[in-house]
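Chain residues, written in single-letter form:
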Amino acid sequence: MSSPSPNPSSSFNPPKSILIVGSGVFGLSTAWSLAKRPEFSKTKITIVDRSSFPAPDGSSIDTSRIIRPDYADPAYAALAAKAHETWRQQGPDELGGSGRYSESGLTLVANRGSNGLPYVRSSYENVLALNKGTPNEGTVHELKSSEEIKNCVRTGGTNGNWGYINTRSGWADAEASMIWLRKQVEATKRVTFLIGTVCSLLYSSASSVEGVKLSDNTAIKADLTILATGAWTPTLVDLRGRCQATGQVLSYIDISDAEQAALAKMPVLLNMSSGMFVIPPANNILKVARHGYGYTNPTTMPCPSPNPSPADTTICCPRTALDDPTLWIPQEGEMACHRALREMVPSLGDRPFTHTKICWYTDTPTGDFLIDYHPSFSNLFLATGGSGHGFKFLPVIGDKIVDCVKGECPKEFKEKWAWRKEPVENVVTEDGSRGGRPGMILDEELRKGSRL
C-alpha cells in the first residue's frame, strides 16, 4: 500500500496481507467479504481478537438486537432495507433461519414535544417511501395516541403518544447470528484466526503502521491493518474528539412459560424520546434496555500515538464483567429500566432483574460510522464508530467496508463515514435517536448505588 488513502480513480493493488483486529460485526463481515472477492484471492487474511469466540463482553454478543430499516436518515434507511432482505431469508442455512430472525414488528414511538419526535416522524416518512410500489406497501401504520399504541403492543401497557408500527421489522438473536457469520467465514478456508490481546499498533516509522504488538510482545505484521475493535478502538489509536466509548444499560428478567407464550407475539417497542425499549422474550428471558447517551468511563492512560502529546491523556475505556465479575448497572439505569417495564409490560414491572449488563457503544458526534483510512498513518484503516446501530447491517457492512478499502466508498456515505477533519471538544452523539441525559460518568453513578 503506497498511500494512506487510495485514489478511487487509480487502480487498486490488493495488499499481500491484511490483519483485521476484532471479530465483531465489522471485523467478521469484512473478513467474509474479503475472502469471497476474486481480487483478494492471493491476500493473506488474519483476524486477531483478545478472547475466544464469541467474546462474552462484545457489543454484538447478546440475546437480541433490533433489525429495522426505520431510520431518519434516508441513506441508512436504504442500506438497512438492503440488509433486511437477507435477514428475512428463512431457510435453515440462511442468516434469518433457525430462529435467528423474528419478524415481530417494530413499534417506534416518541413523546410529542420531545427531541425524539422529529426522528420518528422522519423515519415514518422514509419507510413509507421505501415501501411505495413494493410488496411491503401497507405494512406501516400510524399510531396517533397512547391508546392506539397500547392496542398495538398488546401487553396491557403503552409508551409515548405518537408513532407507528412497521410490521416488517423485528429482532435477531444476536449471539446466534454472530455464530452463523463466524461459520460462513470459516467455511471460506481463507481466514486465519488468532487469539491475543493487542496492546498497541506496530509502527515502521512515525507515519506508517505495519501491524500490531500483543501483550506478550508478539508482533503480527501485515501490509494493511484494519482496526475493527469497537469501543476499544480509542485505546489503540488517538480518536479524541472523533469517537468515544459509552456504556448502555441492559437488564433481563426470567419469565414463566405462560408469560413467554403471552408476550411472544408482541412487537418490539422503542421510545426515541426516552431511549427505552423492550424486545419480545425468548427462552423465558425478557430484556429491557436503553439506547441513550450512556455512561463514560474516563481513564488516564498513555496516549495511543507514536508521538504522544501529551504523553498521558484521558480516554473513555470500556469496563465489563470480564474486568469486574460483580459489575451491575448503576441504580439510575436500573430504576429507568424498571420505570419503562412498568409502563410497557405492567404485569412484570416490579419483578427484580436476574442479571444486567453494560453494553459499550463506539459513539461518534453524528452517529455516523467511521470507515476510512487514517490520514496520518499509511496502511492503517478504521472500521469503527458503530454508535449503537451497526449490528443490523451484518449482511452488507463488510462489502461496504471493503469498497472503502478500495477507495470506492458509496457516494451517499462518502462524507458521513470519512475521518472527521476537525475534532469536537466532547463527543456526544446527536442524531436525534438518543434518550436519557448526557454527561453521566460510570464511577460517579456507581457510587450513588447499584442493585436495588
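Everything here concerns the structure above.
Since this is a predicted model, take the numbers as computed values, not measurements.

*Asks:* Before we go on, may I ask you to explain empty space enclosed by the protein in this structure?
*Replies:* Think of a ball as big as a water molecule: rolled over the atoms, this probe shows where empty space is left. Within the structure shown, the criterion is met by one cavity of 30 Å³ or more. Taken together, T63, S64, W171, I279, P280, P281, A282, I285, L286 and K287 form the lining of the largest cavity. For the lining of the largest cavity, the elements supplying multiple residues, two or more each, are β16 (276-282) and β17 (285-290). In terms of residues, the lining of the largest cavity owes the most to one element, β16, which gives four residues. Residues of the lining of the largest cavity, tallied by class, amount to seven nonpolar, two polar and one charged.

*Asks:* Explain the environment of M440 to me, please; I cannot follow it from the model alone.
*Replies:* Looking at where M440 falls in the secondary structure, it is placed in strand β24 (residues 440-441). Judged by its relative accessible area of 2%, M440 is buried. Setting aside anything within four residues of it in sequence, one finds M440 in contact with R290, G294, Y295, T296, E332 and E445.

*Asks:* Sorry, what's going on with the sheet that holds strand β23 (residues 380-384) here?
*Replies:* The strands making up a sheet associate through backbone hydrogen bonding, with each pair oriented either parallel or antiparallel. The sheet built from six strands is open, its strands ordered β9-β2-β1-β13-β23-β22 with mixed pairing. Strand pairing shows two members of the sheet lacking a second neighbour, β9 (191-195) and β22 (370-373), which therefore form its edges. Between one strand and the next, the sheet's axes are offset by a mean angle of 20°, whatever the strand orientation. Bridge analysis of strand β1 (residues 17-21) against strand β2 (residues 44-49) gives five bridges, and the strand direction is parallel. When the bridges of β2 are listed, V21 appears paired with V48. Contacts from helix α8 (residues 397-405) reach β13 (224-227), β22 and β23, with the element oriented near 25° to β22.

*Asks:* Just checking my understanding: could you explain the side chain of S60 for this structure?
*Replies:* Here S60 lies in the loop between β2 and β3 (65-67). Of the residues examined, S60 reaches a relative accessible area of 8% and is grouped as buried. Sequence-distant contacts of S60, that is, excluding residues within four places in its chain, are made with G24, V25, A174, E175, M178 and F391.

*Asks:* Where do I start with the nonpolar core in this structure?
*Replies:* A general tendency of soluble globular proteins is for nonpolar side chains to be buried together. Counting residues in hydrophobic clusters, the biggest one holds 75 residues, and the most contacted among them are I20, W87, F381, F391, F393, I397 and W417. What F381 contacts, discounting residues up to four positions off in sequence, is L224, T225, I226, L227, I371, D372, Y373, I401, C404 and V405. In this structure, I149, Y295, W360 and M440 belong to the second largest nonpolar core, which totals 35 residues.

*Asks:* Would you mind going over the pairing of strand β11 (residues 208-214) with me for this structure?
*Replies:* Moving residue by residue along a regular strand, the side chains alternate between the two faces of the sheet. Where burial is concerned, most of β11 is hidden: five out of the seven residues are buried. Pairing analysis gives six bridges linking strand β10 (residues 198-205) to β11, with the strands arranged antiparallel. Bridging from a neighbouring strand, V198 pairs with L214 of β11. Counting the residues that bridge the hairpin from β10 to β11 gives two residues. As defined by bridge partners, β11 adjoins strand β12 (residues 219-221) across three bridges and the pair is classed as antiparallel.

*Asks:* What am I meant to see in the pattern of salt bridges here?
*Replies:* When the charged atoms of two side chains lie near each other, side chains of opposite charge can form a pair. Applying the stated criterion to the full structure yields 22 salt bridges. When the shortest N-O distance is used, the salt bridge between R290 and E332 registers 2.8 Å. Pair noted here: R290 is in strand β17 and E332 is in helix α7 (residues 331-344), with a separation of 42 residues, a long-range link. The exposure class of R290 is buried, given its relative accessible area of 6%. Salt-bridge contacts for D443 lead to R319; the nearest nitrogen and oxygen are separated by 2.5 Å. Residue D443 is located in helix α9 (residues 442-448), and its partner R319 is located in the loop between β20 (312-316) and α7; the two are separated by 124 residues in the primary sequence.

*Asks:* Would you take a moment to explain the sheet that holds β11 for this structure?
*Replies:* Strands sit in the order β10-β11-β12 across an open sheet of three strands; the sheet is antiparallel. The open sheet is flanked by β10 and β12, the only strands paired with a single partner. Averaged over all pairs of adjacent strands, the angle between their axes in this sheet comes to 35°, without regard to strand direction.

*Asks:* Explanation requested: the packing of aromatic side chains in the structure shown.
*Replies:* To describe a pair of aromatic rings, one takes the distance between the centres and the angle between the planes. Applying the stated criterion to the full structure yields 17 aromatic pairs. With a centroid separation of 4.8 Å and 85° between ring planes, the pair formed by Y373 and F381 is classed as edge-to-face. Here Y373 and F381 have matching classes, each one buried. Taken together, F26, Y71, Y76, F369, F393, F413 and W417 form an aromatic cluster joined through their ring pairs. Sitting above the plane of the W232 ring, R50 keeps its charged end 4.2 Å from the centroid.

*Asks:* Would you mind showing me how to read the layout of surface pockets here?
*Replies:* Counted as a void, the second largest pocket has a volume near 340 Å³. Around the second largest pocket sit 16 residues that line it, and P56, Y252, H355, T356 and K357 are the ones nearest its centre. Residue classes in the lining of the second largest pocket are distributed as eight nonpolar, four polar and four charged.

*Asks:* What should I look at first to understand the side chain of R242 in this one?
*Replies:* Along the chain, R242 turns up in the loop between β13 and β14 (244-254). For the buried R242, no salt bridge is present, and the opposite-charge side chain at shortest range is D238, 6.3 Å distant. A polar side-chain atom of R242 sits 2.6 Å from the main-chain carbonyl oxygen of R420.

*Asks:* Teacher, can you tell me more about helix α4 (residues 146-153) here?
*Replies:* Because the α-helix completes a turn every 3.6 residues, residues three or four places apart line up on one side. What α4 keeps buried is the set I149, C152 and V153. Axial view of α4: buried residues confined to an arc of 90°, hence all on one face. Here the buried face of α4 lies against β5 (106-110), β6 (140-143), β7 (162-166) and β15 (268-271). Just downstream of α4, R154 is the residue with a positive phi angle, here 65°.

So, how was this worked out
Residues numbered from 1 in each chain as written. Predicted model: local features only at pLDDT ≥ 70, side-chain atom pairs only at ≥ 80, totals over all residues. Heavy atoms only, no water. 1 Å grid on protein atoms, 1.4 Å probe; cavity = no way out; pocket = protein on both sides within 12 Å on 5 of 7 lines; lining within 4 Å. Points joined across faces, edges and corners; volume = space filled by probe spheres on them. Helix = DSSP H or I, 4+ residues; strand = E, 2+ residues; numbered from the N terminus. Nonpolar A, V, L, I, M, F, W, Y, C, P; charged D, E, K, R; others polar. Buried < 20%, exposed > 50% of the residue type's maximum accessible area, 1.4 Å probe, protein only. Contact = heavy atoms within 4.5 Å. Pairing = 2+ DSSP bridges. Axes fitted to C-alpha atoms, helices over the stretch in contact; angles between N-to-C directions. Core = buried A, V, L, I, M, F, W, Y, C linked by side-chain atoms within 4.5 Å. Salt bridge = Lys/Arg side-chain N within 4 Å of Asp/Glu carboxyl O. Phe/Tyr/Trp six-rings, centres within 6.5 Å; stacked < 30°, edge-to-face > 60°. Lys NZ or Arg CZ within 6 Å of the ring centre and 35° of its normal. Lys, Arg positive; Asp, Glu negative; His and termini not counted. Polar contact = N/O pair within 3.5 Å; in protein donor to acceptor, adjacent residues only side chain to side chain. Arc of directions from axis to C-beta.

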